Amino acid sequence: MATMGVRLALLVAAAVLAGFAAGCGRSTGAAASGSYNVPAALKNYVCPADATSVGATRSGPRTGGRLQVATTVAPITSIVAEVAGDKADVRGVIPEGTDSHTFEPKPSVAETFSKADVVFVNGLHLEDPTKTLAARNVPKDGQVVDLGDHTITPAQQIYDFSFPRAGGKPNPHLWTNPPMAACYAVIAGGVLAKADPANAASYRANAQAVKARIDDLDQRFETASATVAPAHRKLLTYHDAYAYFAAHYGWTVIGAIQVSSFEDPTPKEVARLIAQVKAEKVPAIFGSEVFPSKVLAQIGTEAGVRYVDTLRDDDLPGRPGDHDHSYLGLMKADYVTMISSLGGNADALRTFDAADVTPDRAVYPQ
Ligand SMILES: [Zn+2]
């Protein structure tokens, strides 16, 4: 379950319109939607050409046994586990269903890092305390790989209502954007190949297989998205995890109510959001199983739209070992939910088999 001590902060596009979004290039328009800047550099995103050559060349696992790999959030654990296949041991350290943005690793996690040949982190300030602990504890010949930094450039980072430029922390949720998630797999394949040359061919082949599966899911979302009325391709969510997703598909994130502040939104803010949801004429707004939101439910009721509370940020469906307990299963579930709730036909996604390309042997803390 979610870390308690959550708080509700209202982070709405209306606030942007009111000029609160420092550094977002103050909105001058009167449009009631999409009031943050998607960087021009994100148009037609492709994984950098040098993504396959990230990481240090080593002679093999430090211990002489199997390569020891540690990861942070579950989507990254899943992607890396697929790439590792049966050649390396993969261990996640951030429990599923926790708020990864505020997660403080227990000192015992240092033990995992102290044995790791490679630690993969998302970076972009998603899990700073964990990244710091990793940097302090990896062995001298181990390495910490920041997937986010190798996937996009600073010019491609999105700052928005939940992650304002003034805060210095860009939106870190690259994995909701399929080409960026595929880039994570490609980077992981190259890193593992260089760290464990005896199994290089396997890692690189698995990375390409994972990329192909993600590309397929991407195409299927395009097909499904085309069945949603253009005016309905909008998201109001519990948590601002879909900015890069929206940039890729030409959707709009109209706002996010993020569970990260102890303050309840003021009645005035709620009223403003209800008015905005009515004006946008979206059929549904989205919450999360992990972060239930009474405010979103209230906004849905008062605006007369469906409140769908089953989106996921980084909590994989089911339990470890279940068929859809994977990165692909996570995205499939979210995409089906979005498309069907916004009036589209999700069949292209429903028929996608989210099975892993290699059996998932990773350790997922719960
Ligand atoms: Zn998040």
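Procedures and definitions
Residues numbered from 1 in each chain as written. Predicted model: local features only at pLDDT ≥ 70, side-chain atom pairs only at ≥ 80, totals over all residues. Helix = DSSP H or I, 4+ residues; strand = E, 2+ residues; numbered from the N terminus. Buried ≥ 20, exposed ≤ 12 C-beta atoms within 10 Å, placed from the backbone. Contact = placed C-beta atoms within 7 Å. Pairing = 2+ DSSP bridges. Right-handed = clockwise from strand over helix to strand, strands pointing away. Expected span 1.5 Å × (residues − 1). Core = buried A, V, L, I, M, F, W, Y, C linked by C-beta atoms within 7 Å. Domains from an automatic or database assignment. Axes fitted to C-alpha atoms, helices over the stretch in contact; angles between N-to-C directions.

**Q** Is there a simple way to think about the overall build of the protein in this case?
**A** Within the protein one finds 12 helices and nine strands. Burial statistics for the protein: of 366 residues in total, 54% are counted as buried. A fraction of 70% describes how many contacts in the protein between residues 6 or more apart in sequence connect residues 24 or more apart.

**Q** Whenever I open this one, helix H2 (residues 74-84) confuses me. Can you help?
**A** An α-helical segment advances 3.6 residues per turn. Residues three or four places apart therefore align on the same side. Burial analysis of H2 places 11 of its 11 residues in the buried class, which makes it a mostly covered element. Burial in H2 covers these residues: Ala74, Pro75, Ile76, Thr77, Ser78, Ile79, Val80, Ala81, Glu82, Val83 and Ala84. The positive-phi residue at the C-terminal boundary of H2 is Gly85, with phi of around 55 degrees.

**Q** Help me out: how do you make sense of the pairing of strand E4 (residues 118-121) in this one?
**A** Regular strands place their side chains on alternate faces of the sheet. Alternating residues of E4 divide into Val118 and Phe120 and Val119 and Val121, and every residue in both groups is buried. Two elements, E4 and strand E5 (residues 143-146), share four bridges in a ladder whose sense is parallel. When the sheet's bridge partners are listed, Val119 is paired in E5 with Val144. Between E4 and its parallel partner E5, the chain crosses via helix H4 (residues 128-137), and the hand of that crossover is right-handed.

**Q** Explain helix H11 (residues 327-341) here, please?
**A** Under the 1.5 Å per step criterion, the end-to-end length of H11 is 21 Å for 15 residues, consistent within 8% with the ideal 21 Å. Listed in full, the buried residues belonging to H11 are Tyr327, Leu328, Gly329, Leu330, Met331, Lys332, Asp334, Tyr335, Val336, Met338, Ile339 and Ser341. Looking at the buried positions of H11, the neighbouring elements they touch are H2, helix H6 (178-195), helix H7 (200-225), strand E8 (284-288), strand E9 (306-311) and helix H12 (347-350). Backbone geometry just after H11 places Gly343 at a positive phi near 90 degrees.

**Q** I keep staring at the nonpolar core and nothing clicks. Help me out?
**A** Inside soluble globular proteins, nonpolar side chains tend to come together where they are buried. By size, the foremost hydrophobic cluster in this structure holds 105 residues, and its most contacted members are Val119, Tyr184, Ala188 and Leu192. Considering every element that reaches this core, the biggest residue donor is H6, with 13 residues. Mapped onto the domain boundaries, this core takes at least three residues apiece from domain 1 (9-42 + 222-350) and domain 2 (49-221).

**Q** Whenever I open this one, the sheet that holds strand E2 (residues 67-71) confuses me. Can you help?
**A** To summarise the sheet geometry, strands pair through backbone hydrogen bonds and adopt either a parallel or an antiparallel arrangement. One open sheet holds the four strands; their spatial order is E3-E2-E4-E5, and the pairing between them is parallel. Of all the strands in the sheet, just strand E3 (88-92) and E5 have a single pairing partner and so form its edges. Across the sheet, the mean angle from the axis of one strand to that of its neighbour is 20 degrees, orientation sign disregarded. Along the sheet, H4 makes contact with E4 and E5, crossing E4 at roughly 165 degrees.

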